[in-house]
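Working through the structure, step by step
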Amino acid sequence: MAGQLATDLRHGVRIATVEVRRSVRAVLASRRQLMGIALLLVLFSPVLFSLLSGGYALGLRYRSGADLPVVELLRPQVVAWIGSLAVVFGLRALERAGDADHADLLLTLVRPRAVVTGLVLAEYVRVVAVFGSPIVAAVAAFALGAGTPLMIPVAAVGVLPLLALGLTGGFTLGYLVRLGYRRLGWSNPSGAWASLLVAGGIIVGVNVFAPSNPVELLEALAPLGAVPVGPYADLLLVASPVAVTVGTPSLVAVGIVLGAIPLLLAATWQLAPAVWYADPVTTDGTSVRARLSRASMPAALAGRRVTRLVWWQWVRGVRAPAQFVHLTYFLFMAFPIAQLAVSNPRSPILPVFVAVLGAFLAGGTFGLNPLGAEGSMLPAVLTTPSPGRTLVRARILAGALLWLPVTLLGVALAGWYSVLGPVNLAYVLAYTVVLAGFSSLLALGLGAFAPRFEAVRAFGGVEAPTPTTAALLGHSFLTTVVAAAGIAAVFVPVVIDAPPVAGGSARLVQAVGFLAWATLLALAAAGCYRYAVARLDGYTYE
């Protein structure tokens, strides 16, 4: 028995090594992904600088000790961190980390627990690289400011078991949720939608239940300090300027953390095979998706070729919703909207946020990958009698007819309830229409310029020919810039109470600014439209 376990652990290490190498190669082999990572580093460099400088300043302030009850405040935070990490990694297990590529082949060569061990170890390496690096950087800045460099290795070694406990707990939680779904006869839960629900719950909790004072928030976590794992925080503070005495509770906490990791790993060994070998859930064709995919074309859309293609785009979307998995990135913008709606529902910015989100969805749903989304039907599409302008117009209308009415209704309701006057609300409605049209044409131009034909694993573990990073980020960035410019052109004149825009002339300047902004967008959108049409008409299929 011990020999089999040792063999499975060796196989698990080999599987983890291969998985980590594949992850690194997947990043390094794609120039677009490297550009995306570089762009993210540039965008988040101010946050990193603030984190490091703030940590160093705190170290200087507390070099001679702290008058705050640091130990009492940190103990419940350790428990909260472990629980939060378990939820995050549970969502990862639901998304894609809990399944192995080529599982049919792997499971016929090695035992399931070897595969599970390999997946957990590979994810642990990724977790240490993603979470461990900023934690060590922040602790290093604080330690250098406090003059206690020994705190860096102590904190680094102390955080590793916490990450392992959160990871194994998350995998156990993810497998339990999936197994529960199977027992109820449901299909696997979506990690993407679960992440959205959790994020929405966090927003509601922060705005409704969480106190505004950070000190009160820390005090609200105080009951978690009674959990026996809390004294583990004492070890993290041994080399800090805070005077900490490591006692029996700390040693008990270390024993619990180190002992729970192999127990949770053994639990995943039992749960993962039950999930992998379970019978797939079958449907009888009576679901809402099946009924919609068999629905007949409305008479209003059957008269013209363009509208018939619009209906076909909608039907394909219902039959294969995986092609829209990239929209979950746009939906994350809904969280600031929800936060603003809860905290200040009469804010004049709320209808503008709704307009920008609608523009993202109108352009991003059908326009960001017009060539790659056709899949195996691309040769037939390229040789169809329909010219490129018909295909482009169909994708524009498919997104606009789907999202623009909903967006206009949301903008109208939010604007009516806000402090915006009738004139400004009319401008925001016109702003919504112009921005949605520009977003639709910009998405088609960028999608035609940088198509993706191969299926890749995206958010939620779904394999689909998602838009390229260049198209997705370019569309998001340019739409945001244009939206901000439009708001400045429309509302700055009525905010500034000084010549030459004081009094009644402010409305004239407002109208001129809006018309100038809309005209520039129309010219840019026309260029994107012509390029997309020429790209579809002249594309050579190889």
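Small disclaimer: the values here were computed from a predicted structure and weren't measured. (Residues numbered from 1 in each chain as written. Predicted model: local features only at pLDDT ≥ 70, side-chain atom pairs only at ≥ 80, totals over all residues. Heavy atoms only, no water.)

1. Focus on the overall build of the protein
Filter applied, for reference: Starting at the N terminus, helices and strands are each numbered in turn, a helix being any DSSP run of H or I of at least four residues and a strand any DSSP run of E of at least two. Any residue under 20% of the maximum accessible area for its type is buried, any over 50% is exposed, and the rest in between are partly exposed; the area is computed with a 1.4 Å probe on protein chains only. Here a residue-residue contact requires only that any non-hydrogen atoms of the pair lie within 4.5 Å. The Shrake-Rupley method, run with a 1.4 Å probe sphere, supplies the accessible areas, and residue values consider only the shown protein chains as cover.
Counting its secondary structure elements, the protein contains 20 helices and two strands. Taking all 542 residues of the protein together, the buried fraction comes to 41%. Looking at the protein alone, contacts between residues at least 24 apart form 80% of all its contacts between residues at least 6 apart. Element-wise, carbon and sulfur atoms account for 70% of the exposed surface of the protein, whose accessible area totals about 28,000 Å².

2. Focus on the nonpolar core
The criterion, for reference: Remark: nonpolar core denotes a set of buried residues (Ala, Val, Leu, Ile, Met, Phe, Trp, Tyr, Cys) joined through side-chain atoms within 4.5 Å.
Counting residues in hydrophobic clusters, the biggest one holds 47 residues, and the most contacted among them are Phe330, Val356, Val392, Tyr431, Leu435 and Trp517. Secondary-structure elements contributing two or more residues to this core are helix H12 (305-319), helix H13 (327-331), helix H15 (350-364), helix H17 (388-417), helix H18 (422-449), helix H19 (469-495) and helix H20 (505-538). Residues within four places of Tyr431 in sequence aside, it is in contact with Val352, Ala355, Val356, Ala483, Gly486, Ile487, Phe514 and Trp517. If you look at the next biggest cluster of nonpolar residues, it comprises 23 residues, including Ile15, Leu85, Leu167 and Tyr175.

3. Points about H12
Note the threshold: What a helix is expected to span follows from its residue count: subtract one and scale by 1.5 Å.
Counted at 1.5 Å a residue, the expected span for H12 with its 15 residues is 21 Å, and the 21 Å between its end C-alpha atoms agrees. Looking at H12, one finds that the buried residues are Val306, Thr307, Val310, Trp311, Gln313, Val315, Arg316 and Gly317.

4. A few points about the environment of Val490
Note that Val490 resides in helix H19. Taking relative accessible area as the criterion, Val490 reaches 2% and is therefore assigned buried. As a C-alpha pair, Val490 and Phe514 span 24 residues in sequence and 5.4 Å in three-dimensional space. Discounting residues that sit within four places of it in the chain, Val490 has contacts with Tyr427, Gln510 and Phe514.

5. Description of the packing of aromatic side chains
Given two aromatic rings, one states the distance between the centres and the angle between the planes to describe the pair. The following threshold applies: Two aromatic rings, drawn from Phe, Tyr or Trp (for Trp, its six-membered ring), form a pair once their centres lie within 6.5 Å of each other, and the interplanar angle then sorts them: stacked below 30 degrees, edge-to-face above 60, tilted otherwise. Put simply, a charge is over a ring when the Lys NZ or the Arg CZ is close to the ring centre, within 6 Å, and near the line of the ring normal, within 35 degrees.
Counting across every chain of the model gives six aromatic pairs. Where Trp311 meets Trp314, the ring centres are 6.5 Å apart and the plane angle is 70°; that geometry is what we call edge-to-face. Of this pair, Trp311 and Trp314 both sit in helix H12, three residues apart, which is roughly one turn of that helix. An aromatic cluster is built from Tyr427, Tyr431, Phe514 and Trp517, whose rings are joined through pairwise contacts. Sitting above the plane of the Trp269 ring, Arg113 keeps its charged end 5.7 Å from the centroid.

6. Comments concerning the pattern of salt bridges
Our working rule: One side-chain nitrogen of Lys or Arg within 4 Å of one carboxyl oxygen of Asp or Glu is enough to make a salt bridge.
Considering all chains together, one arrives at six salt bridges under this definition. For the salt bridge of Arg111 with Asp8, the shortest nitrogen-to-oxygen distance reads 3.0 Å. Taken together, the residues span a long stretch of sequence, with Arg111 in the loop between helix H4 (103-106) and helix H5 (112-146) and Asp8 in helix H1 (residues 2-28) at a distance of 103 residues. One network of salt bridges, in which partners are shared, links Glu19, Arg22, Glu123 and Arg126.

7. Here we look at the side chain of Thr365
Put simply, the rule reads: Polar contact is the term for a pair of N or O atoms within 3.5 Å; when the atoms are in protein, one must be able to donate a hydrogen and the other to accept it, and sequence-neighboring residues count only if both atoms are side-chain atoms.
Positionally, Thr365 belongs in the loop between H15 and helix H16 (378-382). One polar contact links the side chain of Thr365 to the main-chain carbonyl oxygen of Leu361, over a distance of 2.5 Å. Here Trp403 takes part through its side chain, which lies 2.9 Å from a polar atom of the side chain of Thr365. The contacts of Thr365, once residues within four sequence positions are left out, are Phe324, His326, Leu327 and Trp403.

8. Description of a nonpolar patch on the surface
To keep it simple, the criterion reads: Each patch is built from residues that are more than 30% exposed by relative accessible area and take part in no salt bridge. Like charges join if they lie within 9 Å; nonpolar side chains (Val, Leu, Ile, Met, Phe, Trp, Tyr) join within 5 Å.
Residues Val24, Leu28, Leu34, Ile37 and Leu41 make up a contiguous nonpolar surface patch of about 450 Å² in total accessible area. Among the secondary structure elements, those contributing two or more residues to the nonpolar patch are H1 and helix H2 (31-61). Along the chain, the position of Leu28 falls in helix H1.

9. Some remarks on the environment of Ile256
Relative to the helices and strands, Ile256 resides in helix H10 (residues 248-276). Ile256 sits in the partly exposed class, given a relative accessible area of 34%. Discounting chain neighbours no more than four positions away, the residues touching Ile256 are Pro228 and Val229.

10. Points about the side chain of Thr479
With respect to the helices and strands, the residue Thr479 is situated in helix H19. Each residue touching Thr479, except ones within four places of it in the same chain, is listed here: Ala359, Phe360, Leu435, Ser439 and Leu442.

11. Some thoughts on the packing of H15 against H17
Stated precisely, the cut-off is as follows: As a rule, the C-alpha atoms of each element are fitted with a line to give its axis, helices using only the stretch in contact, and angles between N-to-C directions run from 0 to 180 degrees. Geometric relationships in this document are graded by angle, where less than 35 degrees denotes roughly parallel, more than 145 denotes roughly antiparallel, 65 to 115 denotes roughly perpendicular, and other angles denote oblique. In this classification, the charged set is Asp, Glu, Lys and Arg, the nonpolar set is Ala, Val, Leu, Ile, Met, Phe, Trp, Tyr, Cys and Pro, and all remaining amino acids, among them Gly, are polar.
The interhelical angle for the contact between H15 and H17, taken along N-to-C directions, is 175°, at an axis separation of 9 Å. Accordingly, the angle class assigned to the pair H15 and H17 is roughly antiparallel. Contacts between H15 and H17 pair Leu350, Pro351, Val354, Ala355, Gly358, Leu361 and Ala362 from the former with Gly399, Ala400, Trp403, Thr407, Gly410, Val411, Ala414 and Gly415 from the latter. In terms of residue class, the contact of H15 with H17 is built from ten nonpolar, five polar and no charged.

12. Observations regarding the packing of H15 against H18
For any two helices packed against each other, the geometry is given by the interaxial angle and the distance between the axes. Inclusion rule: Handedness of a crossing follows from how the near helix is turned relative to the far one, being left-handed for an anticlockwise turn of less than a right angle and right-handed for a clockwise one.
Packing of H15 against H18 brings their axes to within 8 Å, and their N-to-C directions diverge by 25°. Considering their axes alone, H15 and H18 lie roughly parallel with respect to each other. Here the hand of the crossing between H15 and H18 comes out right-handed. Across the interface between the two elements, Pro351, Val352, Ala355, Val356, Ala359, Phe360, Ala362 and Gly363 of H15 pack against Val428, Tyr431, Thr432, Leu435, Ala436, Ser439, Ser440 and Ala443 of H18.

13. Observations concerning the confidence of the model for the protein
Keep this limit in mind: Each residue carries a pLDDT value, the predictor's own confidence for that position, ranging from 0 to 100.
The predicted model of the protein averages 78 in pLDDT, with 75% of residues at 70 or higher. The weakest mean pLDDT in the protein belongs to helix H11 (residues 288-293) at 50; the strongest belongs to H18 at 91. For residues 497-503, every residue scores under 50 in pLDDT, and the model assigns this stretch six contacts once sequence neighbours within four places are set aside.

14. Quick look at the environment of Val229
For Val229, the position within the fold is in the loop between helix H8 (214-220) and helix H9 (233-236). Counting along the chain gives 147 residues from Val229 to Ile82, while the straight-line C-alpha distance between them is 9.4 Å. Contacts of Val229, omitting those with residues within four sequence positions, involve Val78, Val79, Ile82, Ala253, Ile256 and Val257.

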